[in-house]
Amino acid sequence: MRITFFAAKSYDKDSFNKIKEQYPELELEYWETELSPKTASYVQDSEAICAFVSSDVSEKTIKVLSERGVKLILMRCAGFNNVDLEAATKYGIKVMRVPGYSPEAVAEHAMALAMAVNRHLHKSYMRVRENNFSLVGLTGVNFYGKTAGIVGTGKIGAAMARICHGFGMKVIGYDMYHNPDLDFVEYVELDELLAKSDLISLHCPLMENTHHMINIDTINKMKDGVILVNTSRGGLVKTDDLIAGIRERKFFGVGLDVYEEETQNVYENREDDILMHSTTARLLSFPNVIVTSHQAFLTQEALGAISQTTMDNAMAYLKGEKSGTELN
C-alpha cells in the first residue's frame, strides 16, 4: 500500500525512514505541500494519505480524496478537530490517529514556556547578544511554594502536574474525570482554580464546551500576575480577550505554543512577510509573551512513537484488524 504524506518536513522523513524497513508492505511518498482540496486532487495510486494537525481535512478535501481512491486517512497526531469525521464516514474513508506519543514532551515544553516568561529568558538572551548585561526588568518569581492549576489531567496534564509537584508547587486540577494516579492533586471547580492559581496550564481537548473557555469573564476571575500557558489547542483561548487582559496587566507572563491564527504560520518560514492585521504580530508586540510554533511535541522520542504508531495503524488497516486508534 502506498501512503502519501502531506506537509512532510525533514524530521518527519527521518523518523519514518528509520523504521521503514520494518514495513516492506508499505511504500512511503513524501510531499512538502500541505493537504487541501487542491493538493488532494494530485494524489495518484495511494490508498492512504498521512496528514497532520495543521492539515485541511474538511468535507471538501475528503470528497476529493475519495474520488482519487483514498480509503484511509492516517493522522500523525493526537488532535483531530480539523477532521470532518462525518464526511469521512460518508465517503467510506477510515480515519486513524496517534492517541498518545510522549506526554512528557508536551508537558516539558509547557514548563519551559512558563519558566521562560517568568525569568524573562527571551529578553535576557537578546540583551546579552547585544552586550547589554543589565538586570533591570528581568525579575521573576519563585515557583516553589506557589499554586499550579492544571486544566485537564489526562496523560499530558498529569505529566505537567508531576513536573509542578517536583518544583515544590501546590497542584490543583480541574477535569470532569479525576485521575486516580495523581494523589497529590486537589481537584476543584474551574472558578476556584482560576482564582487560586499562580500558574495556569491548559491541557484539555478543543470541544464545543471548551472552545474559548479562556475569555474575558474567566480572565477576570484569575489572580493578578498569573502566568498562563497553552500547549493544547489555540481555540481554547479567545485571543482578543487575552490581548485585552495582557493590556490590563492581568498576566505576569503568557506562553503559547498554540493560538487561533496559527494554521497559516505553523511550520512555515514567513520571515520575509509583513503580517497584516495579524493576531500573531499583536501577541509578539508584548514583552511578557512568548509564542512558539506548535513545537511542544517535537522531541526525538515523540517523533519515534508517532512514526511507529502511524505505521502500525497502516498495517492494522491492511490486515483488516482493529488497532483501537480508529476515529470512525
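Structure report, in brief. Since we're looking at a predicted model, the values are computed, not measured. (Residues numbered from 1 in each chain as written. Predicted model: local features only at pLDDT ≥ 70, side-chain atom pairs only at ≥ 80, totals over all residues. Heavy atoms only, no water.)

Examining the nonpolar core
What counts is decided by this rule: For the purposes of this section, nonpolar cores are sets of buried Ala, Val, Leu, Ile, Met, Phe, Trp, Tyr and Cys residues that join through side-chain atoms within 4.5 Å. Residue burial is assigned from relative accessible area. The probe radius is 1.4 Å, only protein chains are included, and a residue is buried under 20% of its type maximum, exposed over 50%, and partly exposed in between. Strands here are runs of E lasting at least two residues and helices are runs of H or I lasting at least four, both read from the DSSP assignment and numbered beginning at the N terminus. We call two residues in contact whenever any of their non-hydrogen atoms come within 4.5 Å of each other.
Counting residues in each nonpolar core, the largest one holds 27 residues, and the members touching the most others are Ile-200, Leu-242 and Phe-251. Put simply, the parts of the chain that give this core at least two residues each are helix 8 (190–196), strand 9 (199–202), strand 10 (226–230), helix 10 (239–247) and strand 11 (251–256). For Leu-242, the residues in contact, after removing those within four places along its chain, are Ile-219, Leu-228, Val-237, Phe-251, Val-254, Leu-256 and Leu-283. Counting residues in hydrophobic clusters, the runner-up holds 26 residues, among them Trp-31, Val-57, Ile-62 and Phe-297.

Points about the packing of aromatic side chains
For any pair of aromatic rings, geometry is given as the distance between the ring centres together with the angle between the planes. Stated precisely, the cut-off is as follows: Each pair of aromatic rings taken from Phe, Tyr and Trp, with Trp reduced to its six-membered ring, is defined by centres within 6.5 Å and is described as stacked if the planes are under 30 degrees apart, edge-to-face if over 60, and tilted in the remaining cases.
Under the counting rule described, the total for this entry stands at five aromatic pairs. Each ring, one from Phe-5 and one from Phe-16, has its centre 4.7 Å from the other, and the planes form 70°; the classification is edge-to-face. Note that Phe-5 is positioned in strand 1 (residues 2–5) and Phe-16 in helix 1 (residues 10–19), a separation of 11 residues in sequence. Accessibility assignment for this pair places Phe-5 and Phe-16 in one class, buried. When the ring of Phe-5 is compared with that of Tyr-30, the centres are 5.1 Å apart and the planes differ by 45°; the resulting orientation is tilted. Of this pair, Phe-5 sits in strand 1 while Tyr-30 sits in strand 2 (residues 27–30), and the two are 25 residues apart along the sequence. Judged by relative accessible area, Phe-5 falls into the buried class, the value being 0%. Each member of the aromatic cluster is reached from another via a ring pair, and the members are Phe-5, Phe-16 and Tyr-30.

Here's the deal with the layout of surface pockets
Quick note on the threshold: Of the two site types, the cavity is a set of points on a 1 Å grid over the protein atoms alone where a 1.4 Å probe fits but cannot get out, and the pocket is an open set with protein on both sides within 12 Å along at least five of seven lines, each lined by residues with an atom within 4 Å of a point. Grid points are joined across faces, edges and corners, and a volume is the space filled by probe spheres set on the points. Just so you know the grouping, Ala, Val, Leu, Ile, Met, Phe, Trp, Tyr, Cys and Pro go in nonpolar, Asp, Glu, Lys and Arg go in charged, and all remaining residues, Gly too, go in polar.
Considering only enclosed or pocket space, the largest pocket measures out at about 1200 Å³ in volume. Around the largest pocket, the lining is made up of 45 residues, and of these His-203, Cys-204, Pro-205, Leu-206 and Ser-232 lie nearest the centre. Those elements giving two or more residues to the lining of the largest pocket turn out to be helix 5 (103–118) and helix 7 (155–166). For the lining of the largest pocket, the leading source of residues is helix 7, giving three residues. The class makeup of the residues in the lining of the largest pocket is 23 nonpolar, 16 polar and six charged.

With respect to empty space enclosed by the protein
Applying the stated criterion across every chain, the model contains three cavities of 30 Å³ or more. Reported here for the second largest cavity is a volume of approximately 50 Å³. What lines the second largest cavity is Asn-230, Gly-234, Val-237, Thr-239, Leu-242, Leu-256, Val-258, Tyr-259, Glu-260 and Leu-283. When its residues are assigned to classes, the lining of the second largest cavity shows six nonpolar, three polar and one charged.

Honestly, it's all geometry; don't read function into it.
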